[in-house]
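# Chain and residue survey
Read off the chains here:
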Amino acid sequence: MHCKPDDGVIAGDLTCLIPATDAHLPLLAHWFADPEFVRNWGGQPLTREEVAAKYTGRRRPEVESFLILAQTVPVGYVQYAPDGPRQGGIDMVLLPQAQGRGLGPDAARALIRHLHTVLGWTRMTVDPEASNSRAIRAWAKAGFHPVSPQGSRLLMECVPVPGASKADARDESFPPEA
């Protein structure tokens, strides 16, 4: 673990998620202005104002925003939003140089554990671009499985084992890989 699990920090084995704040705006604005970073996140670079409004925690509690750190280095962004009782959606984007290193699945598993064991969620969904095979494989490694196509996207879900305890959630096999 590379982060202390306090102040809203969610720890994985390779990553930790820290709540995004206005202090992170310069970094996030730089990332979201990069066409390569947003290629599978809407495809269009965003203005500093759009990033401030959407990705620095200003939409809490409707959307919870986090920076993903590997060691102490920021490598991506993840957010979750409730969508009904005990369920909701997750969105994640990593810097291109952070992809293919197991960081995305690790961050996703850490977030799934948190959502399931702390918030009581029983179903989480993601909707990567159907053409983004790398993202689909990463989500599958985190425990998601395909449900149905949704236009150009693929709806995937993770349903943690009913009755899993916080002790189970600390086991590296939780949630089980697909």
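Details of the structure are given in the entry above.
Okay, so let's go over this structure. (Residues numbered from 1 in each chain as written. Predicted model: local features only at pLDDT ≥ 70, side-chain atom pairs only at ≥ 80, totals over all residues. Heavy atoms only, no water.)

## Section: the overall build of the protein
A tally of regular secondary structure across the protein gives five helices and eight strands. When the elements of the protein are put in sequence order from the N terminus, they spell out β-β-α-α-β-β-β-α-β-α-β-β-α. The buried share of the protein, taken over its 178 residues, is 47%. Split by element, the accessible area of the protein, about 9,000 Å² in all, is 53% carbon and sulfur. (Helix = DSSP H or I, 4+ residues; strand = E, 2+ residues; numbered from the N terminus. Buried < 20%, exposed > 50% of the residue type's maximum accessible area, 1.4 Å probe, protein only. Areas by Shrake-Rupley, 256 points an atom, 1.4 Å probe, with all protein chains shown as cover.)

## Regarding the pairing of strand β6 (residues 123-126)
Of the pairings in the sheet, the one linking strand β5 (residues 87-94) to β6 comprises three bridges and is parallel in character. What sits directly across from Gly88, in β6, is Met124. Read from β5 through helix α3 (residues 103-117) to β6, the crossover connection turns out right-handed. Bridge analysis of β6 against strand β8 (residues 153-158) gives three bridges, and the strand direction is antiparallel. Bridge pairing in β8 links Thr125 to Glu157. (Pairing = 2+ DSSP bridges. Right-handed = clockwise from strand over helix to strand, strands pointing away.)

## Notes on the nonpolar core
Phe32, Ile90, Trp139 and Phe144 are the most contacted members of the largest nonpolar core, which has 51 residues in total. With seven residues, α3 is the single largest residue contributor to this core. What Ile90 contacts, discounting residues up to four positions off in sequence, is Val78, Gln79, Tyr80, Leu111, Leu115, Met124, Thr125, Val126, Trp139 and Phe144. (Core = buried A, V, L, I, M, F, W, Y, C linked by side-chain atoms within 4.5 Å. Contact = heavy atoms within 4.5 Å.)

## Focus on the pattern of salt bridges
Under the counting rule described, the total for this entry stands at five salt bridges. Between Arg60 and Glu64 there is a salt bridge, with its nearest N and O atoms 2.9 Å apart. The exposure class of Arg60 is partly exposed, given its relative accessible area of 30%. The exposure class of Glu64 is buried, given its relative accessible area of 17%. Between Arg123 and Glu157 there is a salt bridge, with its nearest N and O atoms 2.5 Å apart. Here the residue Arg123 occupies a position in strand β6, and Glu157 occupies one in strand β8, the gap between them amounting to 34 residues. Residue Arg123 is classed as partly exposed on the basis of its relative accessible area, which comes to 25%. (Salt bridge = Lys/Arg side-chain N within 4 Å of Asp/Glu carboxyl O.)

## Topic: the environment of Arg113
The residue Arg113 is located in helix α3 in this model. Placed 47 residues apart in sequence, Arg113 and Pro160 show a C-alpha to C-alpha distance of 8.6 Å.

## Side note on the sheet that holds strand β3 (residues 64-70)
By way of backbone hydrogen bonds, the strands of a sheet pair with one another, either parallel or antiparallel. Here we have eight strands laid out as an open sheet, ordered β1-β2-β3-β4-β5-β6-β8-β7, and mixed in their pairing. In the strand order of this sheet, the two ends are held by β1 (10-11) and β7 (145-150), each with one partner. Against the sheet, helix α1 (residues 25-32) touches β3, β4 (73-82) and β5, its axis set at about 90 degrees to β4. Where helix α4 (residues 133-141) meets the sheet, it contacts β5, β6 and β8, and its direction lies at approximately 10 degrees from that of β8. (Axes fitted to C-alpha atoms, helices over the stretch in contact; angles between N-to-C directions.)

## Some words on the environment of Asp83
Examined against the element boundaries, Asp83 turns out to sit in the loop between β4 and β5. Relative accessible area serves as the criterion here: at 55%, Asp83 is assigned to the exposed category. Linking Asp83 and Met124, residues 41 residues apart in sequence, is a C-alpha distance of 9.2 Å.

## Quick notes on the environment of Asn40
Note on placement: Asn40 falls in the loop between α1 and α2 (48-55). You can call Asn40 partly exposed: its relative accessible area is 30%. For the pair Asn40 and Ser131, spaced 91 residues apart in sequence, the C-alpha to C-alpha distance is 9.5 Å. Among all residues touching Asn40, those that are not within four sequence positions of it are Glu129 and Asn132.

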